[in-house]
Amino acid sequence: PALVAHRVHGFRNERGKTNTVEAEEIASLVVACLNDPEYAANESGRPTSYGVISLLGDEQALLIENLLRQRLSADVLIKHRLLCGNAAQFQGDERDVVFLSMVDGPPEDGQLARRDAGPKDLFKKRYNVAVSRARNQLWVVHSLDPETHLKSGDLRRRLIEHARDPKALLRAITSALKC
């Protein structure tokens, strides 16, 4: 599928900049894709390119990159143009397959503070850049249950819900037009 929601049971670390469970899972998913013949080449016949984007700072991307460097040779990383970074580092660049790491984990109790568009739409722009970098497939890797951990209207919730059911908005518009 073009869009995959993939939940893990991870937590942000005490400093709040990384989620080790998400990082390990993304590294494993990238390695699995590299070993799957279906992911060997893109529609142009070139080796499939990969990107990993952290939606919360650089530390998560660096952690994932280090895990991948431990598991893959430099030749493989270069051949598949594997890049790990934040959304800004992908501005104007695309990859065939992109893995997004939400980083955020469940709160100790209740719901996380609502993340909206932010000042000057900063968060909204960051999310838009991140999700638009995938040519063929986008994986949204998250540790959150959107219904339990996130408030209505939260950007993270909207992204996870869209990844879970990409056609929901189209159905809602179609239904509204029929009324």
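Our structure's up above, just so we're on the same page.
Residues numbered from 1 in each chain as written. Predicted model: local features only at pLDDT ≥ 70, side-chain atom pairs only at ≥ 80, totals over all residues. Heavy atoms only, no water.

1. Structural notes on a positive patch on the surface
A cluster of like positive charges, contributed by R114, K124, K151 and R158, occupies part of the molecular surface. Since its relative accessible area comes to 52%, R158 is described here as exposed. (Patch = residues over 30% accessible without salt bridge, like charges linked within 9 Å, V, L, I, M, F, W, Y side chains within 5 Å. Areas by Shrake-Rupley, 256 points an atom, 1.4 Å probe, with all protein chains shown as cover. Salt bridge = Lys/Arg side-chain N within 4 Å of Asp/Glu carboxyl O. Lys, Arg positive; Asp, Glu negative; His and termini not counted. Charge placed at Lys NZ, Arg CZ, Asp CG, Glu CD. Buried < 20%, exposed > 50% of the residue type's maximum accessible area, 1.4 Å probe, protein only.)

2. Structural notes on the pattern of salt bridges
Taken as a whole and assessed by the stated rule, the structure comprises 13 salt bridges. Taking the shortest distance from any N to any O, the salt bridge between R69 and E65 comes out at 2.9 Å. Taken as a pair, R69 and E65 lie in helix α2 (residues 59–71) at a separation of four residues, close to a single helical turn. For E65, a relative accessible area of 22% gives the class partly exposed. R135 serves as the salt-bridge partner of E94, at 3.3 Å between the closest nitrogen and oxygen. (Helix = DSSP H or I, 4+ residues; strand = E, 2+ residues; numbered from the N terminus.)

3. Observations regarding the packing of aromatic side chains
Under the defined criterion, the tally for this structure stands at one aromatic pair. Arranged with centres 5.4 Å apart and planes meeting at 25°, the rings of F99 and W139 form a pair that is stacked. Taken as a pair, F99 in strand β4 (residues 95–101) and W139 in strand β5 (residues 134–142) lie far apart in primary sequence, 40 residues in all. Just as F99 is buried, W139 falls in that class too. The aromatic ring of F123 is capped on one face by R115, whose charged end is 5.1 Å from the ring centroid. (Phe/Tyr/Trp six-rings, centres within 6.5 Å; stacked < 30°, edge-to-face > 60°. Lys NZ or Arg CZ within 6 Å of the ring centre and 35° of its normal.)

4. Points about the side chain of S143
Mapped onto the secondary structure, S143 falls in the loop between β5 and α5 (146–149). Of the residues examined, S143 reaches a relative accessible area of 1% and is grouped as buried. At a separation of 3.0 Å, a polar atom in the side chain of S143 contacts the side chain of N19. If we ignore the near neighbours within four places in the chain, the residues touching S143 are R7, V8, G10, F11, N19, E22, D104, G105, P106 and H149. (Polar contact = N/O pair within 3.5 Å; in protein donor to acceptor, adjacent residues only side chain to side chain. Contact = heavy atoms within 4.5 Å.)

5. Quick notes on the sheet that holds β5
Strand order in this open sheet of five strands is β1-β5-β4-β2-β3, and the pairing throughout is parallel. Here the strands that pair on one side only, and so sit at the sheet edges, are β1 (3–7) and β3 (83–86). Going from strand to strand, the sheet's axes swing by 20° on average, the running direction of each strand aside. The pairing of β4 with β5 spans six bridges and is parallel. By the bridge assignment for β5, V98 is matched with L138. (Pairing = 2+ DSSP bridges. Axes fitted to C-alpha atoms, helices over the stretch in contact; angles between N-to-C directions.)

6. Notes on the pairing of β5
Burial analysis of β5 places seven of its nine residues in the buried class, which makes it a mostly covered element. The sheet contact formed by β1 and β5 spans five bridges and is parallel. Bridge pairing in β5 links R7 to H142. Note on the crossover from β4 through helix α4 (residues 122–131) to β5: the handedness is right-handed. (Right-handed = clockwise from strand over helix to strand, strands pointing away.)

7. Regarding a nonpolar patch on the surface
Together, L169, I173 and L177 make up a nonpolar patch on the protein surface, roughly 340 Å² of accessible area in all. Here I173 lies in helix α7 (residues 168–178). Here I173 falls in the partly exposed class, since its relative accessible area comes to 42%.

8. A short note on α2
The end-to-end C-alpha separation of α2 is 19 Å, in line with the 18 Å expected for 13 residues at 1.5 Å each. Buried residues of α2: Q60, A61, I64, L67 and L68, and no others. Projection of α2 onto a plane perpendicular to its axis shows the buried side chains occupying an angular sector of 125°, all on one side. Contact partners of the buried residues in α2: α1 (20–35), β2 (50–54), β3 and β4. (Expected span 1.5 Å × (residues − 1). Arc of directions from axis to C-beta.)

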